[in-house]
Amino acid sequence: MRIVFMGTPDFAVPSLRELACTNEVTLVLTRPDAVRGRGRKLVASPVKAAALELGLPVVETKRITSELLARIRAAQPDALAVAAFGCILPDELLDMAPLGCVNVHGSLLPRWRGAAPILRAVLAGDERVGVSIMRIVHELDAGAYCRQASVALTDQTCPQLMDELARLGAHELAGALGEIAAGTAVWVEQDPLRVTYAPKIEKVEMHLDPAARAWENRRRVQASLDEAPARLSVGGRGLRALDARVADASVAEGRVLVRGGHVYLGCVDGALELTRVKPDGKREMAASAWASGLRGAMSWDTL
């Protein structure tokens, strides 16, 4: 099968690699190189890096122009496959391939349509998270799906969970394309009464808050990414929480308790224990090592 693939971040790379092993990927579209890291250097997207490694033709773009539509048409795709591309797809593109345009979406649709489905699932404390292989239609993430798969949400960090779902999505995408080509795919329309939305995460949403419940702050830590880290202020100094757990400890709301090598934050209904942190301007460390430098009674607050 001839496929044009569209994707940008790490989440899309397993899908590209899977399709390249079993199909003819005639063109890869991805977002342009972007400035990343402390060095502020231009860095290729993970999909571009993987495509070049696989010897596949790559086009970088921020939008689908008429010239790009012509190039996609010239690639003669049987199907279009999308995974976290990051561009709006025009209706003309959706009808270009005989087998259609399908997307790897990081949720169990119709729950969590939108830009940040995995993070929203973590913040909401969903018992299971997963992927859906859906048709792309004009309305946001509203297309029918033909395959879904899920995993239990336990104590994985968000990066670990995204890696697991990326691999799961690649497997389901390959299976879906095979079924679509064979005419055996069964499409399920989304129930509009069960739709929820997953807008992009704002950094302020990830700030820990003593007025929140301990489990809410724990979920913020679990959902933390470099782009939207879980942060707080202790004694007026900024700090990133890298790992934490709800603890059975008695701590007043807004206070910090250091006891027996453990660091507890008082929340409105209990305590959150910090286990790994990164103070602003310093390296990552165990919370106990960081707390050894604290002096006297301390308070904590949201940034």
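Here the residue index of a chain counts from 1 through its sequence in written order. Totals for whole chains, interfaces and linings use all residues, but because this is a predicted model, local features are given only for residues with pLDDT of at least 70 and pairs of side-chain atoms are given and counted only at 80 or more. Excluding hydrogens and water, the side-chain figures rest on all heavy atoms present in the structure.

1. A look at the domain arrangement of the chain
For each domain, the first and last residues come from an automatic or database assignment. If you check the domain split of the chain, you get domain 1 (2–198) and domain 2 (203–301). Of note, the centres of domain 1 and domain 2, computed from C-alpha atoms alone, are 35 Å apart. Between domain 1 and domain 2 lies a buried interface of about 930 Å² when both sides are counted; carbon and sulfur atoms form 55% of it. Simply put, the buried area is the total loss of 1.4 Å probe accessible area from both parts when two parts are fitted together. On the domain 1 side of the contact with domain 2, L119, V122 and L123 bury the most area, a combined 43% of that side's loss. Every case where a carboxyl oxygen of Asp or Glu lies within 4 Å of a side-chain nitrogen of Lys or Arg is listed as a salt bridge. At the boundary of domain 1 and domain 2, one finds 2 salt bridges. As a salt-bridge pair, E205 and R120 come within 2.7 Å of each other at their nearest N and O atoms. N or O atoms closer than or at 3.5 Å make up a polar contact, with two conditions inside protein: a donor-capable atom paired with an acceptor-capable one, and, for residues adjacent in sequence, both atoms drawn from side chains. In this assembly, domain 1 and domain 2 are joined by 5 residue pairs in polar contact (both at pLDDT 80 or more).

2. Here's the deal with the packing of aromatic side chains
For Phe, Tyr and Trp, rings pair up if their centres lie within 6.5 Å, where Trp contributes its six-membered ring, and each pair is then called stacked (planes under 30 degrees apart), edge-to-face (over 60) or tilted (otherwise). In the structure shown here, the tally under the stated rule is 0 aromatic pairs. For R135, the ring lying beneath its charged end belongs to W187, and the centroid distance is 3.9 Å. We count a charge as sitting over a ring when the NZ of a lysine or the CZ of an arginine lies within 6 Å of the ring centre and within 35 degrees of the ring normal.

3. Describing the pattern of salt bridges
Pairing between side chains becomes possible if they bear opposite charge and their charged atoms approach one another. With the rule as written, the count across this model stands at 16 salt bridges. Taking the shortest distance from any N to any O, the salt bridge between R113 and E139 comes out at 3.5 Å. Of this pair, R113 sits in the loop between β7 (101–105) and α5 (117–124) while E139 sits in the loop between β8 (128–135) and β9 (145–152), and the two are 26 residues apart along the sequence. Using a 1.4 Å probe on the protein chains alone, a residue whose accessible area is under 20% of its type maximum counts as buried, one over 50% counts as exposed, and one in between counts as partly exposed. A residue is classified by how much of its surface remains accessible, and E139, at 47% relative accessible area, is partly exposed. What emerges from the salt-bridge pattern is a single network uniting D33, K48 and E60. Elements are defined by DSSP. Helices are runs of H or I of four residues or more, strands are runs of E of two residues or more, and each kind is numbered from the N terminus.

4. Comments concerning the environment of A44
Topologically, A44 is positioned in the loop between β4 (41–43) and α2 (46–54). In sequence terms A44 and T30 are 14 residues apart; their C-alpha atoms lie 9.4 Å from each other. Here, two residues are considered to be in contact whenever any of their heavy atoms come within 4.5 Å of each other. Contacts of A44, omitting those with residues within four sequence positions, involve D33 and R36.

5. Things to note about α5
Burial within α5 is extensive, with 6 of its 8 residues counted as buried. Residues of α5 that are buried: P117, I118, L119, R120, A121 and V122.

6. Brief notes about the side chain of N23
Relative to the helices and strands, N23 is located in the loop between α1 (13–22) and β2 (24–30). Classification of N23 by relative accessible area gives buried; the value is 19%. Side-chain polar atoms of N23 contact the side chain of T22, separated by 2.8 Å. Leave out the neighbours within four places in its chain, and N23 touches M1 and I3.

7. Quick notes on the sheet that holds strand β5 (residues 58–60)
Sheet strands line up and pair through hydrogen bonds in the backbone, either parallel or antiparallel. Whether two strands pair comes down to DSSP finding at least two bridges between them. Strand order in the open sheet made by the 7 strands is β5-β2-β1-β6-β7-β8-β9, with mixed pairing throughout. Sheet topology places β5 and β9 at the edges, where each strand pairs with a single neighbour. Averaged over all pairs of adjacent strands, the angle between strand axes in this sheet comes to 15 degrees, irrespective of strand direction. As defined by bridge partners, β8 adjoins β9 across 7 bridges and the pair is classed as antiparallel. Bridge pairing in β9 links V129 to V151. The axes are straight lines fitted to the C-alpha atoms, using for helices just the contacting stretch, and the angles between their N-to-C directions are given from 0 to 180°. In the packing of helix α3 (residues 66–74) onto the sheet, contacts are made with β1 (2–7), β2, β5 and β6 (79–83), and the angle to β2 comes to roughly 165 degrees.

8. Quick word on unusual backbone geometry
The omega torsion of the bond from L109 to P110 falls at 15 degrees, within 30 degrees of zero and hence cis. Of note, P110 is situated in the loop between β7 and α5. In the Ramachandran plot, D141 falls in the positive-phi region, its phi being about 50 degrees despite a non-glycine side chain. Mapping D141 onto the fold places it in the loop between β8 and β9.

9. Quick word on the side chain of Q156
Assignment of secondary structure puts Q156 in the loop between β9 and α6 (158–182). Residue class for Q156 comes out buried when judged on its relative accessible area of 13%. There is a polar contact of 2.7 Å between the side chain of Q156 and the backbone nitrogen of T154. Those residues within four positions of Q156 in sequence are excluded, and the remaining contacts are L161, E164 and Q222.

10. Points about helix α7 (residues 214–222)
Each α-helix winds once per 3.6 residues, and so residues spaced three or four apart point in a common direction. When α7 is considered as a whole, its buried residues turn out to be A214, N217, R218, R220, V221 and Q222. In this structure, the buried residues of α7 make contact with α5, α6, β11 (237–247), β14 (271–279) and β16 (298–301).

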